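# Survey of secondary and tertiary structure
Residue strings, one per chain:
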Amino acid sequence: QVQLVESGGGLVQPGDSLRLSCAASGSIFSVMGWYRQAPGKQRELVALKTTGGGTNIAASVKGRFTISRDNAKNTVDLQMNTLKPEDTAVYYCNARSITSSYDFWGQGTQVTVSS
């Protein structure tokens with residue numbers, strides 16, 4: 001049984017930092033990453049990292065957000081710096097099974113950036 005457990009969301013002010021963490025279990029994952037969904041908008045990719053170290057980061061967060069992954073521990077973290085109000089969203093951890101290519105999702109964690 002695959003489980004993704006997220007932590008680290010919260011309410012911060014513009015310019016602050018937050019770190020999101022996700023621990024996955026139950027499979028081996030080829031890709032792990034983070035997506036977000038703001039109210040009234042579609043879910044969008046924030047950043048992902050492959051087992052081999054390949055990285056894809058959305059242009060809107062490049063230079064501010066950093067993704068890191070520990071393959072041995074099946075964890076993926078998102079360091080978010082210089083947060084902006086437009087970063088406000090529910091952030092979801094995503095992991096793709098290496099055996100089935102099925103995408104698994106965490107329950108989501110709220111990030112609110114507001115003064």
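Preceding block: the structure.
Structural notes, computed from the coordinates. Position labels on residues start from 1 in each chain and follow its written sequence. Local features are withheld for residues below a pLDDT of 70 in this predicted model, meaning they are given only at 70 or higher, and side-chain atom pairs are given and counted only at 80 or more; totals for whole chains, interfaces and linings count all residues. Side-chain metrics rest on all non-hydrogen atoms present in the structure, leaving aside hydrogens and water.

### Topic: the environment of Arg36
We apply this condition: Secondary structure elements follow DSSP: runs of H or I no shorter than four residues count as helices, runs of E no shorter than two count as strands, and numbering proceeds from the N terminus. In this description, contact between two residues means that some pair of their heavy atoms is separated by no more than 4.5 Å. The definition of a polar contact used here is a pair of N or O atoms within 3.5 Å, where within protein one atom must be able to donate a hydrogen and the other to accept one, and adjacent residues in sequence count solely through side-chain atom pairs.
Mapped onto the elements, Arg36 comes out in strand β4 (residues 29-37). For the pair Arg36 and Asp16, spaced 20 residues apart in sequence, the C-alpha separation works out to 18 Å. When residues no more than four places from it in sequence are discounted, the contact partners of Arg36 are Gln42, Arg43, Glu44, Val46, Ser60, Val61, Phe65, Glu86, Asp87, Ala89, Val90 and Tyr91. Of note is the side chain of Arg36, whose polar atom sits 2.7 Å from the side chain of Glu44.

### Describing the pattern of salt bridges
As a reminder, the rule being used: Throughout this description, the term salt bridge denotes a Lys or Arg side-chain nitrogen within 4 Å of a carboxyl oxygen of Asp or Glu. Here the term buried applies to any residue with accessible area under 20% of the maximum for its type, exposed to any over 50%, and partly exposed to those in between, with areas from a 1.4 Å probe on protein chains only.
In total, this model carries 5 salt bridges according to the counting rule given. We note a salt bridge from Asp77 to Arg19, for which the minimum N-O separation is 3.3 Å. In this pair, Asp77 sits in strand β8 (residues 75-80) while Arg19 sits in strand β3 (residues 18-25), placing the two residues 58 residues apart along the sequence. Residue class for Asp77 comes out buried when judged on its relative accessible area of 17%. Of the charged contacts in the structure, one is a salt bridge between Asp87 and Arg64, with a shortest N-O distance of 2.7 Å. Here the residue Asp87 occupies a position in the loop between β8 and β9 (89-97), and Arg64 occupies one in the loop between β6 (55-57) and β7 (65-70), the gap between them amounting to 23 residues. Neither Asp87 nor Arg64 differs from the other in exposure class; each is buried.

### Looking at the environment of Val2
Inspection of the secondary structure assignment puts Val2 in the segment before β1 (3-7). According to the relative accessible area criterion, Val2 is partly exposed, its value standing at 22%. Taking the C-alpha atoms as reference points, Val2 and Asn74, 72 residues apart in sequence, are found 11 Å from one another.

Don't take any of this as a statement about function, it's just geometry.
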